[in-house]
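Understanding the architecture of this molecule
Listed below are the residues making up each chain.
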Amino acid sequence: MSAATATALSPSTSLRNSLNSYPNWMKWQSSPCQSTTFFIPRAAASPDTGKGNKKRKPKAKKPSSPTPVTTTTTESMSEEEQPQPQQQQQQQQVSLSLDDVNPVGLGRKSRQIFDDVWRKFSGLGQISRTTRADDMEALDALLIREGPMCEFAIPGAQNTTVLVVGATSRIGRIVVRKLMLRGYTVKALVRKADQEVLDMLPRSVEIVIGDVGDPSSLQAAVEGCNKIIYCATARSTITGDLYRVDHQGVSNLTKALQDYNNKLAQLRAGKSSKSKLLITKFKSEDSLHGWEVRQGTYFQDVIASKYDGGMDAKFEYTETGQAVFSGYVFTRGGYVELSKKLSLPLGSTLDRYEGLVLSVGGNGRSYVVILEAGPSADTTQSKLYFARINTKIGFCRVRVPFSSFRPVKPDDPPLDPFLVHTLTIRFEPRRQRPVEGSAGMKQDPRSFKLILEYIKALPTGQETDFILVSCTGLGVEPNRREQVLKAKRAGEDSLRRSGLGYTIIRPGPLMVMLEEPGGQRALIFDQGNRISQGISCADVADICVKALHDTTARNKSFDVSHEYVAEQGRELYELVAHLPDKANNYLTPALSVLEKNT
């Protein structure tokens, strides 16, 4: 036998078949660390040294049925016809190319084989629910936490439970699998758990039966959840269905998540980063104490007297159990306001919170919220900051972030919530929008009525709590577009007023007939209902998953579509050229240029 030894080979079929035809080649063998060793063939030796090689013949078993190959073999030759070592080297040089013995080439081929195996492994992310229950935990550990999918895992995902609403929708099904692939615990809210629904979802997803229109069925759904991704939408154009799913459903889920957070806060002795701070609640006559009604005018000279038409305001607790601030301002340049010096609980300061939320009702007027900040011991050094708010006819919640307050004097520094000591709500007749009354008659913009329920401070946070997939209206039939947009916008408003950290995604028309995988095209992020291009469901799902821990996505509303050339005069904010994969963080630079939409 020849004294030449061989290399450790990759599992390439063509290369293995070629090498099996030479009896003097050693089989490839792996080290304990699963790495291979490459041996260079030695020069031909004398016949005497060849005998010694027979004693050191490796104990490698020959294959029982050698694979036929096209090259000439030496297995059928007799011992006399066996080629000499020099002839073997010539045959080796003819049969093997440089790439076949180059470690780089061997690694490349091994990587190709691994990629094929990985694609098959990725398909296991869609494991049917027919898997046995006792295998569920083992599969989770293999596929997500310990197996090849661990390279997709996100830090902190194992401690995060995400409730997916609309998990059987086109976007929801992709969202569920992307979450599982990254190590999240996933709960899915479905209306009924029939076999068709069970087959759509992976086995390890916890299914909760409930209806977004039924608040009592949502308590179990939000139990143990940290975040919500809302992909549900009404399946019909009936106004009742649109209201129940797209509007009231969002409101019910936000309230359920808030109630759950408040419950956790009570169990933790009131300590929770997601609990609101109650500043004042108007529940009795005594709750009105400390509030002062004042009148004023922007004119400080005697000429203003000719504009004097009178003003009046009062703040009272009615027999129906409501705290009502009402009156009229006929004076040009005049205003009336309701003010109180804040008294926060011991150890609480507003710098730990993000803004204010007011639960109010009335006749739909706009108001100015004024915060006075400065040293409490010397109010002469205080500075004034204001923000305008709009209300609706009836009751609503108005969210006012501290970042929206502007100094009355432009030279003053930005608002420091830690120094806030006085809160004022001002009504002025200017800048009032015409509002139609119950009988269709326009109301006098100089009169107002504001019913106050409570004022709270919103908890601060870095990440979003609730991701809502809305729509731009494109792709919806014209005869029902107005109804759909009205319900969608109402759901968005209820989410903004809830006080939760939110991300509202308005994708362009979903590509259903020509659906394609994510990451194939550049994305455009914009605000202002100016996009006209469609987008794939996979890209929308990827944005939802990335927004879970992206601080720039908190309290943002934006439109998104595939790249296209915009019309003149409708230029877009941001173009992202590199697109979704497990490592590309395209969302942060795109949203950093968009303003917060409150």
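The structure presented is a predicted model; accordingly, all values stated were derived computationally and were not measured.

1. Concerning unusual backbone geometry
- Phi is positive for Asn529, which is not a glycine, with a value near 55°.
- By secondary structure assignment, the location of Asn529 is in the loop between β19 (523-526) and α12 (537-546).
- Look at Asn529 and you get partly exposed, because its relative accessible area is 46%.
- Phi is positive for Asn555, which is not a glycine, with a value near 60°.

2. Thoughts on the packing of aromatic side chains
- This model, assessed by the stated rule, comprises 13 aromatic pairs.
- Relative to Phe466, the ring of Tyr230 lies with its centre 6.1 Å away and its plane at 25°, an arrangement referred to as stacked. Residue Tyr230 is located in strand β4 (residues 227-230), and its partner Phe466 is located in strand β17 (residues 466-469); the two are separated by 236 residues in the primary sequence. When sorted by exposure, Tyr230 lands in the same class as Phe466, which is buried.

3. Some points on the sheet that holds strand β9 (residues 334-341)
- On the basis of which strands lie adjacent, the open sheet formed by six strands has the order β6-β9-β15-β11-β12-β14 and antiparallel pairing. The outermost strands of the open sheet, each flanked by one partner alone, are β6 (292-297) and β14 (406-407).
- Here six bridges tie β9 to strand β15 (residues 420-427), and the two strands are oriented antiparallel to one another. Among the inter-strand pairings, Val336 is bridged to a residue of β15, identified as Phe427.

4. Description of the nonpolar core
- If you look at the biggest cluster of nonpolar residues, it comprises 41 residues, and the most contacted ones within it are Phe315 and Phe405.
- In terms of residue count, the dominant contributor to this core is strand β16 (residues 447-459) (five residues).
- Residues in contact with Phe315, not counting those within four places in the same chain, are Phe282, Leu288, Trp291, Val293, Ala323, Val324, Phe325, Leu338 and Leu452.
- Core analysis: the next-biggest nonpolar cluster, separate from the first, contains 38 residues, Val164, Leu179, Cys537 and Leu548 among them.

5. Brief notes about the environment of Leu218
- Here Leu218 shows up in the loop between β3 (206-209) and α9 (219-222).
- For Leu218 and Leu253, which are 35 residues apart along the polypeptide, the C-alpha to C-alpha distance reads 6.9 Å.
- In contact with Leu218, other than residues within four places in its own chain, are Leu189, Asp211, Val212, Asn252, Leu253 and Ala256.

6. What about α12?
- Counting buried positions over the ten residues of α12 gives ten, a clear majority of the element.
- Listed as buried for α12 are Cys537, Ala538, Asp539, Val540, Ala541, Asp542, Ile543, Cys544, Val545 and Lys546.

7. Quick word on the pairing of strand β20 (residues 556-562)
- Among the seven residues of β20, seven are classified as buried, and the element is accordingly described as predominantly covered.
- As judged from the five bridges shared by strand β18 (residues 502-507) and β20, these two strands associate in the parallel manner. Counted as the bridge partner of Thr503 is Lys556 from β20.
- In the sheet, β19 pairs with β20 via four bridges, with the strands oriented antiparallel. The partner of Ile524 across the bridge, within β20, is Ser561.

Basis of the calculations
- Residues numbered from 1 in each chain as written.
- Predicted model: local features only at pLDDT ≥ 70, side-chain atom pairs only at ≥ 80, totals over all residues.
- Heavy atoms only, no water.
- Helix = DSSP H or I, 4+ residues; strand = E, 2+ residues; numbered from the N terminus.
- Buried < 20%, exposed > 50% of the residue type's maximum accessible area, 1.4 Å probe, protein only.
- Phe/Tyr/Trp six-rings, centres within 6.5 Å; stacked < 30°, edge-to-face > 60°.
- Pairing = 2+ DSSP bridges.
- Core = buried A, V, L, I, M, F, W, Y, C linked by side-chain atoms within 4.5 Å.
- Contact = heavy atoms within 4.5 Å.

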